[in-house]
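Spelled out, the chains give:
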Amino acid sequence: MYYIGVDLGTSAVKLLLMEETGEIKIVVSREYPLAFPQPGWSEQNPEDWFTQTMDGLKELIQGVDASQVAGIGAGGQMHGLVVLDENDNVIRPAILWNDGRTMDEVAYLNETIGRDRISSYTGNIAFAGFTAPKILWMKKNEPDKFDKIRKIMLPKDYLIYRLSGSFCTDYSDASGMLTLDVEHKKWSREMLDICGINEGQLAELHDSFDKVGTLKPAIAAELGLPESVVLAAGAGDNAAAAVGTGVVGAGRCNISLGTSGTIFITSDNFCVDDDNALHAFAHADGNFHLMGCMLSAASCNKWWMDEIIGVKDYAAEQQAISKLGENHVYFLPYLMGERSPWNDPLARGAFIGMSMDTTRADMTQAMLEGVAFAVRDMYEAARGAGVSIDRSMICGGGAKSPLWRRMIADILNIPIDVPVCEEGPGMGGAMLAMVACGAYSSVREAADAIVKVRETQEPEPEIVGKYEERYQAFRELYPALSDFYHRG
């Protein structure tokens, strides 16, 4: 049998067709636009997700015995606010995870309501990217549209709704809304009251590996697939990526270098770090995880290469970098503000330490190192919460760079494992579909059978020492610039 994994990302949807053994037969992708209507805002049209997914699915199954397609599972960009009216029409463009317009609402939740109260309701504090502050923003700034809301969805849940008619979400994705009592896996009535919404407007909650429906007859006919194709509830992109890299069961770690960057640490039990620098979320395997998220990771590389120096051969640009741990230039990777550990939507990127002998290679190296240092910041937050991390898997577009993987290993001083397949959320989505269809009895069983390590990057002690000194200098830079970022 075949299983389809959907990775509903920020810039494109990627789809893969996978056999029960884990062998991927084909991968296709379709891009869609991203809108920035005002500085710090980030929006998309949900219809683009659906039309591009449908188009990609048609290509994906060309030449395949469609009767052998058993299930579809999705991993999707988290936190996006998708709102529908009584006729299931999208009321406004989706407000995305990297949108920073909700500063006032975040301040209201964390300072007026209070961080301790918000954390007691949900296990987390408010961040600008979370969904609840966006609901409050819409209530204040677009009251006529707010009054029309009948369904509130996350991006991948909108896609599943269009494909199956099932109005549902999963615990991992819902954890990032700030409307879920994560520990008890139920909607928080206190948060719903604060947001001015009711439970009827929110989706039915499921484990990520639950069967939540099958294809609508019209969708199945258009795609040429059986109506019996199962839709799994799916997961937030980072939880799906963790499944796709085998990071299930307690004490495992995955680092993702995608548009954003994350460190994802699994746990059998719910736990919260004292400083709320990490998110306390449900995991797609039925348990929990702590996660740190930086808003700009591989996107820093894309910005530097495409927009600033104007080259497309990323690998060639890195070939001139040889002296790791000895660069005199620093880069703060806060191009869209920052979440973990600073929770500051006003933070911005900066190069520091240039001199007349600074080269283009130095600047490129600083950009890569700055992202790796920010990953170290999240790693340190986890260590401060008493979490032990002795090695990590890695995935995402940035993980394809051997140099970047080497920097991560040396800056964190842990071995970094590279999976045989680096399809992250899409692969995780397909694995969740396998469990929903009964091909495997659990997510852990699927991960143990399918995910294998291709190679390991070990830290190099001499370079570790050099980077330790540089990291201690890096961690002083944001506090030194914080007042500047917050000037009116």
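What comes next is a walk through the structure. (Residues numbered from 1 in each chain as written. Predicted model: local features only at pLDDT ≥ 70, side-chain atom pairs only at ≥ 80, totals over all residues. Heavy atoms only, no water.)

**Quick look at the overall build of the protein**
The following threshold applies: By definition, any uninterrupted DSSP run of H or I lasting at least four residues is a helix, any uninterrupted run of E lasting at least two residues is a strand, and each is numbered from the N terminus. Between the two quantities, the radius of gyration covers C-alpha atoms and the globule rule is 2.2 Å times the number of residues to the power 0.38. In this scheme, a residue with accessible area under 20% of its type's maximum is buried, one over 50% is exposed, and one in between is partly exposed, where area comes from a 1.4 Å probe on protein chains only. Here a residue-residue contact requires only that any non-hydrogen atoms of the pair lie within 4.5 Å. To measure how exposed things are, a 1.4 Å probe is used in the Shrake-Rupley method; for residues, cover is taken only from the protein chains shown. As used throughout, the charge tally considers Lys and Arg to be positive and Asp and Glu to be negative, leaving His and the chain termini uncounted. Just so you know, the charge point we use is NZ for Lys, CZ for Arg, CG for Asp and CD for Glu.
Each helix and strand counted, the protein has 17 helices and 24 strands in total. Scaling as 2.2 N^0.38, a compact globule of 488 residues should have a C-alpha radius of gyration of about 23 Å, and the protein matches this with 21 Å. Taking the principal axes of the C-alpha coordinates as reference, the protein spans close to 65 × 50 × 45 Å. Burial statistics for the protein: of 488 residues in total, 62% are counted as buried. If you take every contact in the protein between residues at least 6 apart in sequence, the share linking residues at least 24 apart comes to 71%. Carbon and sulfur atoms make up 46% of the accessible area of the protein, which amounts to about 18200 Å² in all. The centroid of the 42 positive side-chain charges in the protein is displaced by 2 Å from the centroid of its 68 negative side-chain charges.

**As for helix 1 (residues 46-60)**
Our working definition: To estimate how far a helix should reach, multiply one less than its number of residues by 1.5 Å.
In this model helix 1 runs 21 Å from its N-terminal to its C-terminal C-alpha over 15 residues, within 8% of the 21 Å that 1.5 Å per residue would give. Within helix 1, the full set of buried residues consists of Pro46, Trp49, Phe50, Thr53, Met54, Gly56, Leu57 and Leu60.

**As for the packing of aromatic side chains**
Inclusion rule: Two aromatic rings, drawn from Phe, Tyr or Trp (for Trp, its six-membered ring), form a pair once their centres lie within 6.5 Å of each other, and the interplanar angle then sorts them: stacked below 30 degrees, edge-to-face above 60, tilted otherwise. Our definition puts a charge over a ring when NZ of Lys or CZ of Arg is within 6 Å of the ring centre and also within 35 degrees of the ring normal.
Summed over all chains, the structure comprises 18 aromatic pairs. Look at tryptophan 49 and tyrosine 158: their rings are 6.4 Å apart centre to centre, the planes differ by 70 degrees, and that puts the pair in the edge-to-face class. Taken together, the residues span a long stretch of sequence, with tryptophan 49 in helix 1 and tyrosine 158 in helix 5 (residues 155-164) at a distance of 109 residues. In this pair, the class of tryptophan 49 matches that of tyrosine 158, namely buried. Measuring from centroid to centroid gives 6.2 Å for tryptophan 303 and tryptophan 304, while their planes differ by 45 degrees, and the two rings are tilted. Aromatic rings pair up to connect Tyr334, Trp342, Tyr478, Phe484 and Tyr485 into one cluster. For lysine 151, the ring lying beneath its charged end belongs to phenylalanine 167, and the centroid distance is 5.8 Å.

**Details of the packing of helix 9 (residues 237-244) against helix 14 (residues 424-437)**
Which entries qualify depends on this criterion: All axes are obtained by fitting lines to C-alpha atoms, using only the stretch in contact for helices, and the reported angles, taken between N-to-C directions, cover 0 to 180 degrees. The labels follow the angle: roughly parallel below 35 degrees, roughly antiparallel above 145, roughly perpendicular from 65 to 115, and oblique for the rest. Any residue outside Ala, Val, Leu, Ile, Met, Phe, Trp, Tyr, Cys, Pro, Asp, Glu, Lys and Arg is labelled polar, Gly included; the first ten of those are nonpolar and the last four are charged.
Put simply, helix 9 and helix 14 touch, their axes get as near as 6 Å, and they point 75 degrees apart. For the element pair helix 9 / helix 14, the angle class is roughly perpendicular. Every residue of helix 14 that contacts helix 9 at Asp237, Ala240, Ala241, Val243 and Gly244 is listed here: Gly424, Pro425, Met427, Gly428, Gly429 and Met431. Taken together, the residues that form the contact of helix 9 with helix 14 break down as six nonpolar, four polar and one charged.

**A look at the sheet that holds strand 17 (residues 261-267)**
As a reminder of what qualifies: Two strands pair under a simple rule: DSSP has to find at least two bridges between them.
Taking strand neighbours across the sheet as the criterion, the seven strands line up as 18-19-17-16-22-23-24 in an open arrangement whose pairing is mixed. The open sheet has two free edges, formed respectively by strand 18 (279-282) and strand 24 (453-457), since each of these has just one partner strand. Within the sheet, the average angular offset between the axes of one strand and its neighbour, ignoring direction, is 30 degrees. By the bridge criterion, five bridges tie strand 16 (residues 253-257) to strand 17 in an arrangement that is antiparallel. If you follow serine 256 over to strand 17, its bridge partner there is threonine 262. Against the sheet, helix 9 contacts strand 16, strand 17, strand 19 (288-294) and strand 22 (392-395), and its axis sits at roughly 65 degrees relative to strand 17.

**Quick notes on the side chain of arginine 101**
Heads up, the condition is: Two N or O atoms count as a polar contact when they lie within 3.5 Å, although within protein this holds only if one can serve as hydrogen donor and the other as acceptor, and sequence-adjacent residues are included solely when both atoms are side-chain atoms.
Topologically, arginine 101 is positioned in the loop between strand 7 (94-95) and helix 2 (103-122). What makes arginine 101 buried here is its relative accessible area of 10%. A polar side-chain atom of arginine 101 sits 2.9 Å from a polar atom in the side chain of aspartate 99. Filtering out sequence-adjacent residues up to four positions away, arginine 101 remains in contact with Gly40, Trp41, Ser42, Glu43, Arg92, Ile95 and Trp137.

**What to know about the nonpolar core**
What counts here: Think of a nonpolar core as a cluster: buried Ala, Val, Leu, Ile, Met, Phe, Trp, Tyr and Cys residues, connected wherever their side-chain atoms sit within 4.5 Å.
Counting residues in each nonpolar core, the largest one holds 71 residues, and the members touching the most others are Ile152 and Met431. Considering every element that reaches this core, the biggest residue donor is helix 14, with seven residues. Apart from residues lying up to four places away in sequence, isoleucine 152 is in contact with Leu81, Val82, Val83, Ile135, Phe167, Met177, Ile197, Gln201, Leu202 and Ala203.

**Let's talk about the environment of aspartate 193**
Topologically, aspartate 193 is positioned in helix 7 (residues 189-195). In sequence terms aspartate 193 and glycine 337 are 144 residues apart; their C-alpha atoms lie 29 Å from each other.

**Things to note about helix 12 (residues 360-384)**
Counted at 1.5 Å a residue, the expected span for helix 12 with its 25 residues is 36 Å, and the 36 Å between its end C-alpha atoms agrees. In terms of burial, helix 12 is largely enclosed, as 21 of its 25 residues are buried. Glycine 386 sits one or two positions beyond helix 12 and adopts a positive phi of about 90 degrees.

**Some points on the pattern of salt bridges**
This is how the line gets drawn: By definition here, a salt bridge exists when the distance from a side-chain nitrogen of Lys or Arg to a carboxyl oxygen of Asp or Glu is within 4 Å.
Inspection of every chain in the model, using the stated rule, returns 31 salt bridges. The partner of arginine 101 in a salt bridge is glutamate 43, and the shortest N-O contact between them spans 2.7 Å. With arginine 101 in the loop between strand 7 and helix 2 and glutamate 43 in strand 4 (residues 43-44), this residue pair connects regions lying 58 residues apart in the sequence. Residue arginine 101 shares its accessibility class with glutamate 43, and that shared class is buried. For arginine 454, the salt bridge identified is with glutamate 422, shortest N-O distance 2.8 Å. Taken together, the residues span a long stretch of sequence, with arginine 454 in strand 24 and glutamate 422 in the loop between strand 23 (416-419) and helix 14 at a distance of 32 residues. Glutamate 422 gets classed as buried once you look at its relative accessible area, which sits at 16%. One salt-bridge network, in which partners are shared between bridges, spans Glu43, Arg92, Asp99, Arg101 and Glu142.

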